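Residue-level structural notes
The primary structure of each chain is shown beneath.
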Number of protein chains: 2
Amino acid sequence: MTLSEEDYIKTIYHLSDFNSKSVATNAIAEQMNTKPSSVTDMVKKLSEKSLVNYKKYQGVLLSEKGRLVALSIIRKHRLWEVFLVDKLNFSWDEVHVVAEQLEHIKSDALIDKLDAHLGYPKVDPHGDPIPNKDGVFTKSVKKLISELPVGSQGVCVGVNDSSAAFLKFLDKNKIALGDTFKVLEIEEFDGSVTISTRSGSIRISKQIATNLFLEIVDEE
Amino acid sequence: MTLSEEDYIKTIYHLSDFNSKSVATNAIAEQMNTKPSSVTDMVKKLSEKSLVNYKKYQGVLLSEKGRLVALSIIRKHRLWEVFLVDKLNFSWDEVHVVAEQLEHIKSDALIDKLDAHLGYPKVDPHGDPIPNKDGVFTKSVKKLISELPVGSQGVCVGVNDSSAAFLKFLDKNKIALGDTFKVLEIEEFDGSVTISTRSGSIRISKQIATNLFLEIVDEE
DNA sequence: AATTAATTTTAGACAAAACTAAAAAATTGT
DNA sequence: ACAATTTTTTAGTTTTGTCTAAAATTAATT
């Protein structure tokens, strides 16, 4: 598989929403910063390799073979992200670009040993699940705080709004990636939420609650 | 820089023997499994980017700019090799192919953090020196046991002969990569050498002595 | 020094992956 | 239902890196 083919496969997987919808040529082109005509060419090629099911003017969907390729790339991407954050002390928001390169390294032994070295993580630093060798993964249990009922508990794994202002706010309130929070109370009136943190409990506004993701600690 | 350009730069550096000899078109072609005509094309391109000095029919030599590019690739290659061996438990002889891919990952931050994570190693698992960010490196002090005078001491970092038979012999005699040896005595008659190991001293034949590399523990 | 041999370069072609411009099919709106 | 719009495909180029075959240059040999 060429680098370019792998990128198309990955994009098609993501746009198809777990391989349920067929994906439009234009959508792929937009996502990949290329032209629709280029997409048509590549999709034909992928179809000949039976990585996708494609009929003219009907969009594409990954074949089972293609889906497994996509999952193996995603597995690599997410394992590398864990490595970058856990071992090299990158912050969660810096790792994507580098992981996009690392995900194309071809070596099964490498990825097996990396997995072991990292302690077989189940989720990446953004809370997204890591497929196993066979492409099996627990579906994401990453939720915004505003979507959770009282009593929910989870590890903070990401933000929606990555503006400097928001990150500064988090810092001031001692909220950091990797912290465990519990939803204590939801105020009906304004949607603000009281959560427990290591340093006590704080109340956060609805706006904040809709910008913080928790990875729910829920057994598979 | 494209992947292909980087491979050419690296090959030219290695063939030029620390950038001292000018390198023949045919030599590059042979080393890279391509045709001389392809090399001519690429060399022209590199020359236009002033990465090499090239005159028709005269061979190529890296420019200072090109030399620094080569050293940065070699730095990445060797740091990744250390990572693969020290952190992922690859054996020294499995790492080259994977490192050839990893060396092309583009991220200064990545390589800085990797360097720190590994404890700023000075040599790779084969005993070859790792250039620093500015392309400065201590010259190799990797020698065959047969080349050393009595009293020399060093860490075993590689073999010349990587046949299964030889590796089995090493295993049987409890000689492993990373072990420290000292040359105790050299037998004039047959060139055999007595060396001290962790488990006492053993005598090795000249043939063996010409196949084991020590990284001499010699301050820079 | 002249011929032969080896090396290197040129010229022209090809495959991969992209592009532009134009044609074809599907979708939308009235 | 049909014209207008959007989406998708086709056809024809371009660029990068490679190739083959032939020409040019350098090196070797007698």
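Every value quoted in this text rests on a predicted model; they were computed, and no experiment measured them. (Residues numbered from 1 in each chain as written. Chains lettered and ligands numbered in written order. Predicted model: local features only at pLDDT ≥ 70, side-chain atom pairs only at ≥ 80, totals over all residues.)

1. A short note on the protein's contact with DNA strand D
In the vicinity of DNA strand D lie 20 residues, with Ala24, Asn26 and Ser37 of chain A together with Thr2 and Ser37 of chain B positioned nearest. Sorting the residues of the surface near DNA strand D by element identifies helix 2 (25–32) and helix 3 (36–48) of chain A together with helix 1 (3–16) and helix 3 (36–48) of chain B as the ones contributing at least two each. It is helix 3 of chain B that provides the largest number of residues to the surface near DNA strand D, a total of five residues. When the residues that make up the surface near DNA strand D are grouped by side-chain class, the tally is five nonpolar, ten polar and five charged. (Near = placed C-beta within 6 Å. Helix = DSSP H or I, 4+ residues; strand = E, 2+ residues; numbered from the N terminus. Nonpolar A, V, L, I, M, F, W, Y, C, P; charged D, E, K, R; others polar.)

2. Considerations on the protein's contact with DNA strand C
Lining the immediate environment of DNA strand C, one finds 20 residues, of which Thr2 and Ser37 of chain A together with Ala24, Asn26 and Ser37 of chain B sit closest. Mapped onto the surface near DNA strand C, the elements with two or more residues apiece are helix 1 (3–15) and helix 3 of chain A together with helix 2 (25–32) and helix 3 of chain B. Broken down by element, the residue count for the surface near DNA strand C peaks at five residues, all from helix 3 of chain A. Taken together, the residues that form the surface near DNA strand C break down as five nonpolar, ten polar and five charged.

3. Examining the relation of the copies chain A and chain B
Of the two same-sequence chains, chain A is brought onto chain B (RMSD 0.1 Å, axial shift 0.0 Å) by a rotation of 180 degrees. Such values leave the two copies arranged in the relation of a two-fold axis. Relative to the rotation axis, the closest C-alpha in chain A is found at Leu102 of chain A, a distance of 3.8 Å. Interface overlap between copies: 100% of the residues of chain A at the interface are likewise at the interface in chain B, consistent with a symmetric, same-surface contact. (Least-squares fit on C-alpha atoms with pLDDT ≥ 70 in both. Contact = placed C-beta atoms within 7 Å.)

4. Remarks on helix 4 (residues 64–87) of chain B
In this model, helix 4 of chain B (24 residues) spans 34 Å end to end at C-alpha, consistent with the 34 Å of a helix rising 1.5 Å per residue. A positive backbone phi angle near 60 degrees is found at Asn89 of chain B, which sits one or two residues after helix 4 of chain B. (Expected span 1.5 Å × (residues − 1).)

5. Looking at the sheet that holds strand 5 (residues 180–186) of chain B
Residues and elements named next belong to chain B. Read from one edge of the open sheet, six strands run 3-8-4-5-6-7, paired in antiparallel fashion. Both edges of this open sheet fall to strand 3 (142–144) and strand 7 (200–204), since each of them pairs with a single strand only. Recorded for the sheet is a direction-independent mean angle of 45 degrees between the axes of neighbouring strands. Where strand 5 and strand 6 (residues 193–197) come together, four bridges link them in antiparallel fashion. If you follow Ile186 over to strand 6, its bridge partner there is Val193. (Pairing = 2+ DSSP bridges. Axes fitted to C-alpha atoms, helices over the stretch in contact; angles between N-to-C directions.)

6. Observations regarding unusual backbone geometry
All names here are of chain B. Of note, the phi angle at Tyr57 is positive, near 65 degrees, even though the residue is not glycine. By the element assignment, Tyr57 lies in the loop between strand 1 (52–54) and strand 2 (60–62). By the C-beta count within 10 Å, which is 5 here, Tyr57 ends up exposed. A positive phi angle, close to 55 degrees, is found at Lys174, a residue other than glycine. Relative to the helices and strands, Lys174 resides in the loop between helix 7 (164–172) and strand 5. (Buried ≥ 20, exposed ≤ 12 C-beta atoms within 10 Å, placed from the backbone.)

7. Some words on the interface of chain A and chain B
On the chain B side, the residues contacting the 14 residues of chain A number 14 residues. Of all the secondary-structure elements, those providing two or more residues to the side of chain A that touches chain B are helix 5 (95–102) and helix 6 (108–117) of chain A.

8. A short note on the packing of helix 1 of chain A against helix 2 of chain A
All names here are of chain A. Interhelical geometry of helix 1 versus helix 2 gives an angle of 115 degrees and a closest axis separation of 10 Å. The chirality of how helix 1 crosses helix 2 is right-handed. Between helix 1 and helix 2, the residues in contact are Asp7, Thr11, Ile12 and Leu15 and Ala27, Ile28, Gln31 and Met32, respectively. Classifying every residue of the contact of helix 1 with helix 2 by side-chain character gives five nonpolar, two polar and one charged. (Left-handed = near helix turned anticlockwise from the far one by under 90°.)

9. Structural notes on the sheet that holds strand 8 (residues 212–216) of chain A
To summarise the sheet geometry, strands pair through backbone hydrogen bonds and adopt either a parallel or an antiparallel arrangement. Residues and elements named next belong to chain A. With respect to topology, six strands assemble into an open sheet ordered 3-8-4-5-6-7, the strand pairing being antiparallel. Only two strands of the sheet have a single neighbouring strand rather than two, namely strand 3 (142–144) and strand 7 (200–204). Between one strand and the next, the sheet's axes are offset by a mean angle of 45 degrees, whatever the strand orientation. One ladder, built from three bridges, connects strand 3 with strand 8; its direction is antiparallel. In the strand pairing of strand 8, Lys142 is matched with Glu215.

10. Some points on the domain arrangement of chain A
The domain boundaries assigned to chain A delineate domain 1 (3–62) and domain 2 (142–216). Computed from C-alpha coordinates alone, the two centres of domain 1 of chain A and domain 2 of chain A are separated by 37 Å. (Domains from an automatic or database assignment.)

11. A closer look at the pairing of strand 7 of chain B
Residue and element names in this part refer to chain B. The sheet contact formed by strand 6 and strand 7 spans five bridges and is antiparallel. The residue of strand 7 that forms the bridge with Val193 is Ile204. A loop of two residues connects strand 6 with strand 7, the two strands running antiparallel in sequence.

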